[in-house]
Amino acid sequence: MAEVAAPSATRLHLYALLLLISSTTVLCRNLSSMIMKLWEKESSCNIINHKAALFVFGDSPYDPGNNNYISTTNTNFQANFWPYGKSYFSEPTGRFTDGRIIPDFICEYAGLQLIPPFLQPGNHHYFHGANFASGGAGALDETNRGLVVNLNTKLNQFKNVADQLKQRLGDEEASALLSRSVYMISIGINDYLSTTKKDSEQHRSMITGNLTSVLKVLSLTAIYKTGGRKFSFVTMPPLGSVPRIKARKTETKTNFCREDYWLKNTIKQMINPSKYGFKTGDSACCGSGLYRGINSCGGMRDVKEYEVCKNASEYLFFDSAHPSKMANQQLAKLMWEGSYSVTGPYNLKSFFEY
């Protein structure tokens, strides 16, 4: 009998041991789950308490690649092919330059993670902000309709993000985050370019008038209602000095440039490029024709032939219309810590510190 009882006792001990191991495993899993939830909550709280987010609205100078994800076959509004991105990302990302764009540098200066395109698939938490910019977009719905994401749609996307933040963080914390956040807006160039020499002065005035009212009603009102108080706008760039326009007006002997100024330093860079580390301020690194002003960079648009420089950092413009990574960095630095005479009444650094 003793010999039979021993195995039974052994089995009993084994069952008890297995039960203990099983219980310990469940306990560890529960503890692990609890710790992860606490860590995620703590992480989100740290972000809310110490960081202002960055929300970006605009067109191609601010677009990190949103146009990669819209249903358009018009490559005039895309930059997801070589040599775009070659100087920093080593591959095209959809940014209309050889590397980083202005919002990317602002993220670096502000200590934020690089903000991906809003339309990029994935699980985004938006604690650091969101970038809704779309190359070719305008403030007016009719500008490049159906080919880009217009401002009205961007603001609806932002409202959805604000709602998601409230669901994840609660109304109070989400409102605090949105109130401290910085809102960068660069739009209107494509609306202005939609006018032509044949258009009457009355038509051009109507376009610019509509731009002003739309920006006030859509941007300021919509974002202000969610708590936004810190806005960054850039004025119209010197379009007459952009390679694409400069080549066109040289060929047609017309004067496109009137009173278009975008950050005083841009003009200085064009007039005296060597002072700012550039080899040239009038021709693009990538393109074809006079000043490489034909929009052919990458050979994926209407004109297939193009040239590309060896060192894009030597050029103020990367393609026929967009600044190089080096120029974007200089412009971002001015926006970040520029004086009142260049960036006023506040610079972006003061926005993130306040």
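Computed from a predicted model, the values in this text were never measured in an experiment.

### Side note on the overall build of the chain
Of regular secondary structure, the chain possesses 10 helices and eight strands. Pairs at least 24 residues apart make up 70% of the contacts formed inside the chain by residues separated by at least 6 positions.

### Structural notes on empty space enclosed by the protein
Tallied over the entire structure, the rule returns one cavity of 30 Å³ or more. There is about 40 Å³ of room inside the largest cavity. Around the largest cavity sit Leu-54, Val-56, Pro-103, Asp-104, Cys-107, Ile-115 and Asn-131, which together line it. When contributions to the lining of the largest cavity are tallied by element, the ones reaching two or more residues are strand 1 (54-58) and helix 2 (102-110). With three residues, helix 2 is the largest single contributor of residues to the lining of the largest cavity. Taken together, the residues of the lining of the largest cavity sort by class into five nonpolar, one polar and one charged.

### Observations concerning the pattern of salt bridges
Per the counting criterion, the structure on display carries four salt bridges. The salt bridge involving Arg-292 is made with Glu-307; its shortest N-O contact spans 3.3 Å. Taken together, the positions of Arg-292 in the loop between strand 6 (286-287) and strand 7 (307-308) and Glu-307 in strand 7 put the pair 15 residues apart, joining distant regions of the chain. Residue Glu-307 is classed as partly exposed on the basis of its relative accessible area, which comes to 45%.

### Quick word on the sheet that holds strand 4 (residues 230-233)
Overall, parallel pairing links the four strands, which are arranged 2-1-3-4 in an open sheet. Of all the strands in the sheet, the pair left with one neighbour each is strand 2 (129-131) and strand 4. Averaged over neighbouring strand pairs, the angle between their axes works out to 20° when direction is ignored. Where strand 1 lies against strand 3 (residues 182-186), five bridges are found, and the strand directions are parallel.

### A short note on the packing of helix 3 (residues 151-169) against helix 4 (residues 171-180)
A packed helix pair is summarised by two numbers, namely the angle formed by the two axes and the spacing between the axes. The N-to-C vectors of helix 3 and helix 4 enclose an angle of 135°; their axes lie 7 Å apart at closest approach. Our classification of the angle between helix 3 and helix 4 gives oblique. The interaxial crossing formed by helix 3 with helix 4 has right-handed handedness. Seen from helix 3, the contacting residues are Phe-158, Ala-162, Leu-165, Lys-166 and Leu-169; seen from helix 4, they are Asp-171, Glu-173, Ala-174, Leu-177 and Leu-178. Per-class residue counts for the contact of helix 3 with helix 4 are seven nonpolar, no polar and three charged.

### Quick word on the state of the cysteines
Inspection of every chain in the model, using the stated rule, returns two disulfides. What pairs with Cys-285 in a disulfide is Cys-309, and their sulfur atoms sit 2.0 Å apart. Across the disulfide from Cys-285 to Cys-309, rotation about the S-S bond amounts to roughly -95°, and the bridge is consequently left-handed. With Cys-285 in the loop between strand 5 (280-284) and strand 6 and Cys-309 in the loop between strand 7 and strand 8 (315-317), the pair connects residues that are 24 residues apart, well separated along the chain. Judged by relative accessible area, which is 0%, Cys-285 ranks as buried.

Procedures and definitions
- Residues numbered from 1 in each chain as written.
- Predicted model: local features only at pLDDT ≥ 70, side-chain atom pairs only at ≥ 80, totals over all residues.
- Heavy atoms only, no water.
- Helix = DSSP H or I, 4+ residues; strand = E, 2+ residues; numbered from the N terminus.
- Contact = heavy atoms within 4.5 Å.
- 1 Å grid on protein atoms, 1.4 Å probe; cavity = no way out; pocket = protein on both sides within 12 Å on 5 of 7 lines; lining within 4 Å.
- Points joined across faces, edges and corners; volume = space filled by probe spheres on them.
- Nonpolar A, V, L, I, M, F, W, Y, C, P; charged D, E, K, R; others polar.
- Salt bridge = Lys/Arg side-chain N within 4 Å of Asp/Glu carboxyl O.
- Buried < 20%, exposed > 50% of the residue type's maximum accessible area, 1.4 Å probe, protein only.
- Pairing = 2+ DSSP bridges.
- Axes fitted to C-alpha atoms, helices over the stretch in contact; angles between N-to-C directions.
- Parallel < 35°, antiparallel > 145°, perpendicular 65-115°, else oblique.
- Left-handed = near helix turned anticlockwise from the far one by under 90°.
- Disulfide = S-S within 2.5 Å.

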